[in-house]
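So you can see what is in the structure, the chains are spelled out below.
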Amino acid sequence: MLSSFTQYRSHYRHNLKLAIPVVISQLGHTLVQLSDSVIVGHFVGTISLAAVSLVNSVFVVGMVMGLGISYGITPLIAQNNGQQNHAECGRLLSNSLFINLISGILLFVAMYFGAGNLLGHLKQSPEVLKQARPFMLLLSVSIIPMLIFGTFKQFAEGLGFTKQAMSISIWGNLLNICLGVIFVKGLFGIRPMGISGVGYATLIDRTIMAIVMGIYVFRSKHFKAYLQTFKFTLIDRTRCLNLIKIGAPVAMQYTFEVSAFSAAAVLVGQIGAVEQAAHQVAINLASLTYMMASGVSAAAAIRSGNYFGAKSYADLRASAIASYHIVLVFMTITALIFVAGNEWLPWIVTSDVRVISVASGLLIIAALFQVFDGTQVIGLGILRGMGDVNVPTLITFLAYWVVGLPLGYVLGLKLGLGAEGVWYGLVAGLAVASVLLYLRFIKTTKKHLENYIFDDAMKIS
């Protein structure tokens, strides 16, 4: 045990130094949804909380698609930085900003006019649907500034600058909470807006975050050498395709997973509004730990990209294994917290004892999938840093849509296990993804390392 720690100690230190700010900034996306649920759950009511659950379960699919596309720049920036190719980093930022702006507009149209109309055909409560539609519009608009923020965030993080996005995310979330309470309650002479209030708060928050992050990148001395080749009009087909080749599969990876959880919310909604609200409570809490693991994954992608660009495959493998160790320890701790606090954690979001009763059972199941959830997202990050995105995309589809969701449907609705049955299916999907992605990582890194050693031997001979 001690020798293993000594072997990876430097990687633990470097990975954590990079990961902790990313973890906090990644939490921003989830904390927006959690704060919306807390405000609505305590100040409005259970029906409104169910409406937030329904909208978020659909909106989050579009959100992670956009975020996945924005992630396409990070490994390319990390790899080019590893090769000291600073000029290419500025060109990549120009093209990434263009892609993400177009993606944001397309996703707004798809989410509001497509997914928004779909809500009425999902056998949901009429009271829930009535409150869901205006909230859906506001969240759909907010995806545009969210992706602009993501462009600058991923660029900075790809170069190893992670603390600034963390600070902006912290202040943004505080602003979102304050505005949400003011708008929902109708303070300082503003009329009470109900569920729409948290929608306006989210839109304003994300717009301000995008502006501030952009100002930081363009004015910081750290990026001057990289931005000499940046131009808003410097759009190149080859670079756009390279960004999309990584970003689109990453978007699909997150989409397959998150859409499975969103479909699970719809399935639970067919059982009842109380169960749907409980699902929202439990999934919000589980999403916090997932986004923390996702932050470690993002840092692992950056480190893997640096080592991959420098062809330092032994360090890549060691750094990746260290990231696995970190997330295993963290997710084990969170699993124990969920088990110990399953009856009082839901009170953070709601005071409805019926919702709390169901949510407490779901948190026990959430504890079961913590390790699987953490290790599968680490595997995705490591492989993404190496540019390996296509096979992992197939793995995520298989795990969530061939195994997880169908099993959840059978257990939850056909066999009568209710919301817990749906969640047991999700556990199975996460387990499959975790194991297959780890095996993919082992095989891929072993192949690169062996080829590199062989090439060196040939040069010497």
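The structure reproduced in this document is the subject of the present report. Bear in mind that the values here come from a model prediction, so they are computed numbers and not experimental data.

## Section: the overall build of the protein chain
Alright, step 1. The secondary structure content of the protein chain amounts to 15 helices and 0 strands.
Alright, step 2. Within the protein chain, buried positions represent 60% of all 461 residues.
Alright, step 3. In the protein chain, 83% of the contacts between residues at least 6 apart in sequence involve partners at least 24 apart.

## A closer look at the packing of aromatic side chains
Alright, step 1. Counted according to the given criterion, the structure contains 13 aromatic pairs.
Alright, step 2. Aromatic ring contacts, followed pair by pair, group Phe-152, Phe-218, Phe-230 and Phe-232 into a single cluster.

## Some details on the side chain of Asn-15
Alright, step 1. Inspection of the secondary structure puts Asn-15 in helix H1 (residues 2-43).
Alright, step 2. Side chain to side chain, Asn-15 and Ser-323 meet in a polar contact 3.0 Å long.
Alright, step 3. Beyond its immediate sequence surroundings of up to four residues, Asn-15 is in contact with Ala-299, Arg-303, Ser-319, Ala-322, Ser-323 and Ile-326.

## Structural notes on the pattern of salt bridges
Alright, step 1. Going through the model one piece at a time under the given rule, you end up with 5 salt bridges.
Alright, step 2. In this structure, Lys-153 engages Glu-157 in a salt bridge whose closest nitrogen and oxygen atoms are separated by 3.2 Å. Taken together, the positions of Lys-153 and Glu-157, both in helix H5 (residues 126-158) and 4 residues apart, correspond to about one turn of that helix. Just as Lys-153 is buried, Glu-157 falls in that class too.
Alright, step 3. For Arg-239, the salt bridge identified is with Asp-236, shortest N-O distance 3.7 Å.
Alright, step 4. Overall, the relative accessible area of 26% leaves Asp-236 in the partly exposed class.

## A word on a nonpolar patch on the surface
Alright, step 1. Taken together, Tyr-200, Ile-204, Ile-208, Ile-211, Val-212 and Ile-215 make up a surface patch of nonpolar side chains, about 490 Å² in accessible area.
Alright, step 2. Here Ile-211 shows up in helix H7 (residues 195-219).

## A closer look at the environment of Leu-97
Alright, step 1. Within the secondary structure, Leu-97 sits in helix H4 (residues 86-118).
Alright, step 2. Residues Leu-97 and Phe-149, spaced 52 residues apart in sequence, show a C-alpha to C-alpha distance of 9.6 Å.
Alright, step 3. Ignoring any residue separated from it by four or fewer positions in sequence, one finds Leu-97 in contact with Ile-148, Thr-151, Phe-152, Phe-230 and Phe-232.

## Overview of a positive patch on the surface
Alright, step 1. Residues Arg-9, Arg-13, Lys-17 and Lys-163 make up a contiguous surface patch of positive charge.
Alright, step 2. Element by element, the count of residues in the positive patch is highest for H1, at 3 residues.
Alright, step 3. Tracing the sequence through the fold places Arg-9 in helix H1.

## Side note on the nonpolar core
Alright, step 1. In terms of nonpolar packing, the biggest core is built from 92 residues, with Leu-93, Phe-155, Met-213, Val-217, Phe-223 and Ile-382 touching the most fellow members.
Alright, step 2. A total of 12 residues in this core trace back to one element, the largest contributor, which is H5.

## Quick look at the packing of helix H11 (residues 313-340) against helix H12 (residues 353-368)
Alright, step 1. At their nearest, the axes of H11 and H12 sit 8 Å apart, and the two run at 160° to each other. Relative to H12, the element H11 is oriented roughly antiparallel. Our pair here, H11 against H12, has a crossing hand that is left-handed. Of the residues in H12, those touching H11 at Ala-335, Phe-338 and Val-339 are Leu-363, Ile-364, Ala-366 and Ala-367.

## Details of helix H10 (residues 273-309)
Think of an α-helix as 3.6 residues a turn; residues three or four steps apart then line up on the same face.
Alright, step 1. Counted at 1.5 Å a residue, the expected span for H10 with its 37 residues is 54 Å, and the 50 Å between its end C-alpha atoms agrees.
Alright, step 2. For H10, a buried count of 32 out of 37 residues is recorded, marking the element as mostly surrounded by other parts of the structure.
Alright, step 3. Lys-311, located one to two residues past H10, shows a positive phi value of around 60°.

## Observations regarding the packing of helix H9 (residues 237-269) against helix H14 (residues 390-414)
Alright, step 1. Close contact between H9 and H14 brings their axes to 8 Å; oriented N to C, the two are set at 5°. On the basis of the axis angle, H9 is roughly parallel to H14. On H14, the residues that touch Pro-249, Met-252, Gln-253, Phe-256, Glu-257, Ser-259, Ala-260, Ala-263, Ala-264 and Leu-267 of H9 are Asn-390, Pro-392, Thr-393, Thr-396, Phe-397, Tyr-400, Trp-401, Leu-405, Tyr-409 and Leu-413.
Alright, step 2. Grouping the constituent residues of the contact of H9 with H14 by class yields 14 nonpolar, 5 polar and 1 charged.

## Some words on the side chain of His-279
Alright, step 1. For His-279, the position within the fold is in helix H10.
Alright, step 2. Since its relative accessible area comes to 2%, His-279 is described here as buried.
Alright, step 3. Of the polar contacts made by the side chain of His-279, one reaches the side chain of Trp-423; its length is 3.0 Å.
Alright, step 4. Excluding residues within four positions of it along the chain, His-279 makes contact with Ser-53, Phe-261, Ala-264, Ala-265, Val-268, Leu-362 and Trp-423.

## A closer look at the environment of Val-349
Alright, step 1. Relative to the elements of secondary structure, Val-349 occurs in the loop between H11 and H12.
Alright, step 2. Among the residues examined, Val-349 registers a relative accessible area of 0% and is labelled buried.
Alright, step 3. A sequence separation of 64 residues divides Val-349 from Leu-285, and the C-alpha atoms of the two residues are 9.2 Å apart.

## A short note on H12
Alright, step 1. Along its 16 residues, H12 runs 24 Å from first to last C-alpha, staying within 8% of the 22 Å computed at 1.5 Å per residue.
Alright, step 2. Burial in H12 covers these residues: Val-355, Ile-356, Ala-359, Ser-360, Gly-361, Leu-362, Leu-363, Ile-365, Ala-366 and Ala-367.

Conventions and cut-offs
Residues numbered from 1 in each chain as written. Predicted model: local features only at pLDDT ≥ 70, side-chain atom pairs only at ≥ 80, totals over all residues. Heavy atoms only, no water. Helix = DSSP H or I, 4+ residues; strand = E, 2+ residues; numbered from the N terminus. Buried < 20%, exposed > 50% of the residue type's maximum accessible area, 1.4 Å probe, protein only. Contact = heavy atoms within 4.5 Å. Phe/Tyr/Trp six-rings, centres within 6.5 Å; stacked < 30°, edge-to-face > 60°. Polar contact = N/O pair within 3.5 Å; in protein donor to acceptor, adjacent residues only side chain to side chain. Salt bridge = Lys/Arg side-chain N within 4 Å of Asp/Glu carboxyl O. Patch = residues over 30% accessible without salt bridge, like charges linked within 9 Å, V, L, I, M, F, W, Y side chains within 5 Å. Areas by Shrake-Rupley, 256 points an atom, 1.4 Å probe, with all protein chains shown as cover. Lys, Arg positive; Asp, Glu negative; His and termini not counted. Charge placed at Lys NZ, Arg CZ, Asp CG, Glu CD. Core = buried A, V, L, I, M, F, W, Y, C linked by side-chain atoms within 4.5 Å. Axes fitted to C-alpha atoms, helices over the stretch in contact; angles between N-to-C directions. Parallel < 35°, antiparallel > 145°, perpendicular 65-115°, else oblique. Left-handed = near helix turned anticlockwise from the far one by under 90°. Expected span 1.5 Å × (residues − 1). Nonpolar A, V, L, I, M, F, W, Y, C, P; charged D, E, K, R; others polar.

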